[in-house]
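# Geometric and topological summary
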Amino acid sequence: MGIKVGICGVGAFANNFIPLFKAHPGVASVTLCDLDAAKLKEKAQLFGIARTCPSLDDLCQTDVDAIAIFTQNWMHGPQAVQALKAGKHVYSAVPSAITMEEITRLVRTVEQTRKIYMIGETSYYYPCALYCRERFQKGDFGSVVYAEGEYMHDFDHGLYDVCKWRGGERWKETAGSPPMHYPTHSVSMIVSVTGAYATHVSCLGVVDRHEDGLFRKGVNRWDNEFSNETALMRMSDGSVTRINEFRRIGHPGEVRLSLYGTQGSYEEQYGNNIWVTKDRASRQDLTSLLESKGVLARDKGDAMAEKVGGDAVFSGVSTVHPVERLPKEFIGLSNGHRGSHQFLIHDFVTACAANVPPPTNVWQAARYLVPGLIAHESAKRDGELMAIPDFGDPLGTRGSPKSS
Ligand SMILES: NC(=O)c1ccc[n+]([C@@H]2O[C@H](COP(=O)([O-])OP(=O)(O)OC[C@H]3O[C@@H](n4cnc5c(N)ncnc54)[C@H](O)[C@@H]3O)[C@@H](O)[C@H]2O)c1
């Protein structure tokens, strides 16, 4: 037994996840779906999958229990709503949506249908997030007073190609999207550690000057001129968060977290991860602990080695990843974005089986996204301080979600 999964969108990113869905012991069958018939045929052959489907509309009519959405980044919100309304559980690549209307409809649809929704937020399973969550829960930070999250990805680092294959002939319409419409990697790390969410934001943007003209009025569909945006947010626990979303930056690129508490702090700079306290001699270099290069099952203890066989390797994870809870079928399979992929798929499949919201449920997805959507509105108003709507916690945990 197990769930029947349909994978909608079998482009570049889905390649990482098709083998994981196929291998997971909780998945009974996998159906591949894409509007591009040639691509669909090629991927079905490549991954040895017999069942295919020509569109999301058709996939919704099949007997799959769950649909995993890996379509272009501006399509997810309405497609997730469509699948939920067809009675399917939904896994969605980030972002969950790109407007307040879309995210509102998405949260309401999950609440009405009571289906499982999970945002595929890779940062949630980054080693630094796992490490900080554990130390936060132990009280090692004291009270968090300040946090920094940032996603730096210069256009010269592959983004032209990505925008072209996703957008086709009209790629310039979507390439210059507001950076704060993709805030989820940076915001989620902070929200996932402290449990606090952003209540107010003031944001400033840097008007782009690059000759490619992507971030220009009349070129992209948002008339957006900002290629870099920086937001300062008031959090629900009283702390302050600073988020950077940069698309023009002389930097190799990274998703980064730093978190400062009254008792201890986690600091990250490119390639360096450090824990410090008030004691000047306390500095702990965490860089090798948090490096994602794979671990041997036997390094995770005898029980794990017994489960999977001594020298089996979980690829791409760090030593802080709890690989002991992954199925042994994932051994040796691909595992990108700092060891997050296998945890994402495992947590989605187990959430569907147990019918319990996963860690990155729709209410969390909203808290990762909405601060960025409002931040961009603030940037358009030259930094005006704006309130951020909140949708509350999962139904059944802490009362009814608050209205937006
Ligand atoms: N770290 C991360 O979380 C991360 C990293 C990379 C990509 N992503 C996300 O992954 C998603 C996919 O990126 P990609 O580069 O693979 O895109 P892609 O353009 O290569 O693939 C998208 C596919 O979806 C198909 N599609 C669109 N609408 C469809 C429909 N109605 N029915 C069936 N198929 C449909 C398209 O034909 C296309 O083949 C993006 O949304 C991106 O945001 C996330």
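Cut-offs used in this document
Throughout, a residue's number is its position along its own chain's written sequence, starting from 1. The predicted origin of the model limits local features to residues at a pLDDT of at least 70 and limits the giving and counting of side-chain atom pairs to 80 or more, whereas totals for whole chains, interfaces and linings rest on all residues. In this text, helices come from DSSP runs of H or I with a minimum length of four residues, and strands from runs of E with a minimum of two, each type numbered from the N-terminal end. Two residues form a contact once the distance between their C-beta atoms, set from the backbone, is within 7 Å. Exposure in this text rests on C-beta crowding, where 20 or more other C-beta atoms within 10 Å of a residue's own make it buried, 12 or fewer make it exposed, and counts in between make it partly exposed. The C-beta atoms are placed from the backbone. Residue ranges labeled as domains rest on an automatic or database domain assignment. Think of it as three bins: nonpolar holds Ala, Val, Leu, Ile, Met, Phe, Trp, Tyr, Cys and Pro, charged holds Asp, Glu, Lys and Arg, and polar takes everything else, Gly as well. At least two DSSP bridges between two strands are required for those strands to pair. In this analysis, residues qualify as near a molecule or strand once their C-beta atom, positioned from backbone atoms, comes within 6 Å of it. Lines are fitted to the C-alpha atoms to define the axes, a helix being fitted only along its stretch in contact, and any angle between axes, read from their N-to-C directions, falls within 0 to 180 degrees. Reported orientations rely on four angle classes, namely roughly parallel under 35 degrees, roughly antiparallel over 145, roughly perpendicular from 65 to 115, and oblique for the rest. In this scheme the handedness of a crossing depends on how the near helix is turned from the far one: anticlockwise by less than a right angle means left-handed, clockwise means right-handed. Crossover handedness is defined here as right-handed if the route from the first strand over the helix to the second strand goes clockwise, with the strands pointing away from the viewer. Across the chain, each position has a pLDDT score giving the predictor's confidence in that residue, from 0 to 100. By convention in this section, buried Ala, Val, Leu, Ile, Met, Phe, Trp, Tyr and Cys residues joined through C-beta atoms within 7 Å make up a nonpolar core.

### A look at the environment of Pro183
Mapping Pro183 onto the fold places it in the loop between helix 8 (172–175) and helix 9 (184–194). If sequence neighbours within four positions are ignored, Pro183 has contacts with Ile243, Glu245, Leu369, Pro371, Gly372 and Ala375.

### Details of unusual backbone geometry
In the segment running from Val94 into Pro95, the intervening peptide bond is cis, with an omega of -5°. In this structure, Pro95 sits in the loop between strand 5 (89–93) and helix 5 (100–113). The phi angle at Asp223 is positive, at roughly 50°, despite the residue not being glycine. Along the polypeptide, Asp223 turns up in the loop between strand 8 (198–207) and strand 9 (226–235). Under the C-beta neighbour-count criterion, Asp223 is labelled partly exposed, with 13 such atoms within 10 Å. Although it is not a glycine, Asn355 adopts a positive phi angle of roughly 55°. Note that Asn355 resides in the loop between helix 12 (341–354) and helix 13 (362–380).

### Description of the domain arrangement of the chain
Taken domain by domain, the chain comprises domain 1 (3–122) and domain 2 (124–289 + 360–387). Domain 1 and domain 2 are separated by 26 Å when their C-alpha centres are compared. Sorting the residues of the side of domain 1 that touches domain 2 by element identifies helix 5 and strand 6 (117–120) as the ones contributing at least two each. Residue composition of the side of domain 1 that touches domain 2, grouped by class: 14 nonpolar, 4 polar and 1 charged.

### Let's talk about the sheet that holds strand 6
Reading across the sheet, the 6 strands line up as 3-2-1-4-5-6 and stay open at both edges, with parallel pairing between neighbours. Strand pairing shows two members of the sheet lacking a second neighbour, strand 3 (52–53) and strand 6, which therefore form its edges. Relative to strand 6, strand 5 runs parallel, the two being bridged by 4 bridges. For Ser92, the partnering residue across the bridge sits in strand 6 and is Ile119.

### Structural notes on the site of the ligand
Taken together, 26 residues are adjacent to the ligand, and Gly9, Gly11, Phe13, Asn73 and Ala93 come closest. Top contributing element to the shell around the ligand by residue count: helix 7 (residues 155–167), with 3 residues. Looking at the shell around the ligand residue by residue, the class counts come to 13 nonpolar, 9 polar and 4 charged. Among the domains, domain 1 (3–122) and domain 2 (124–289 + 360–387) are the pair contributing at least three residues each to the shell around the ligand.

### Some words on the packing of helix 4 (residues 76–85) against helix 5
Put simply, helix 4 and helix 5 touch, their axes get as near as 9 Å, and they point 15° apart. Compared by their axis directions, helix 4 and helix 5 come out roughly parallel. Considering how the two elements wind past one another, helix 4 and helix 5 form a crossing that is left-handed. For the pair helix 4 and helix 5, contact is made by Gly77, Pro78, Ala80, Val81, Leu84 and Lys85 and by Glu102, Ile103, Arg105, Leu106, Thr109, Val110 and Thr113, respectively. Looking at the contact of helix 4 with helix 5 residue by residue, the classes come out as 7 nonpolar, 3 polar and 3 charged.

### Considerations on the pairing of strand 10 (residues 240–246)
Only one face of strand 10 is buried: it carries Thr241, Ile243 and Glu245, and the other face, with Val240, Arg242, Asn244 and Phe246, is open. Sheet analysis places strand 7 (residues 144–152) next to strand 10, joined by 7 bridges and oriented parallel. Bridge pairing links Glu148 to Arg242 in strand 10. As paired elements, strand 9 and strand 10 share 7 bridges and run antiparallel to each other.

### What to know about the packing of helix 5 against helix 13
At their nearest, the axes of helix 5 and helix 13 sit 11 Å apart, and the two run at 170° to each other. In this view, helix 5 runs roughly antiparallel relative to helix 13, as classed from their interaxial angle. Where helix 5 abuts helix 13, its residues Met100, Ile103, Leu106, Val107 and Val110 lie against Val362, Trp363, Ala366, Leu369, Val370 and Leu373. The residue inventory of the contact of helix 5 with helix 13, partitioned by class, reads 11 nonpolar, no polar and no charged.

### Thoughts on the pairing of strand 5
In the case of a regular strand, side chains alternate between the two sheet surfaces. Burial runs high along strand 5: 5 of the 5 residues are buried. Here strand 5 shows two buried faces, one formed by His89, Tyr91 and Ala93 and the other by Val90 and Ser92. Bridge count between strand 4 (residues 66–69) and strand 5: 4 bridges; the pairing is parallel. Counted as the bridge partner of Ile67 is Val90 from strand 5. Each parallel crossover has a hand, and the one from strand 4 via helix 4 to strand 5 is right-handed.

### Structural notes on the confidence of the model for the chain
Per-residue confidence for the chain gives a mean pLDDT of 95, with 98% of residues at or over 70. For residues 398–404, every residue scores under 50 in pLDDT, and the model assigns this stretch 14 contacts once sequence neighbours within four places are set aside.

### Digging into the nonpolar core
Side chains that are nonpolar tend, in soluble globular proteins, to be buried together. Membership of the largest hydrophobic core comes to 108 residues, with the highest contact counts inside it found for Ile7, Phe21, Ala68 and Ala129. Of all the elements, helix 13 adds the most residues to this core, at 11 residues. Split by domain, this core shows at least three residues from each of two domains, domain 1 (3–122) and domain 2 (124–289 + 360–387). With near-sequence residues (within four places) excluded, Phe21 lies in contact with Val5, Ile7, Val27, Val30, Ala68 and Ile345.

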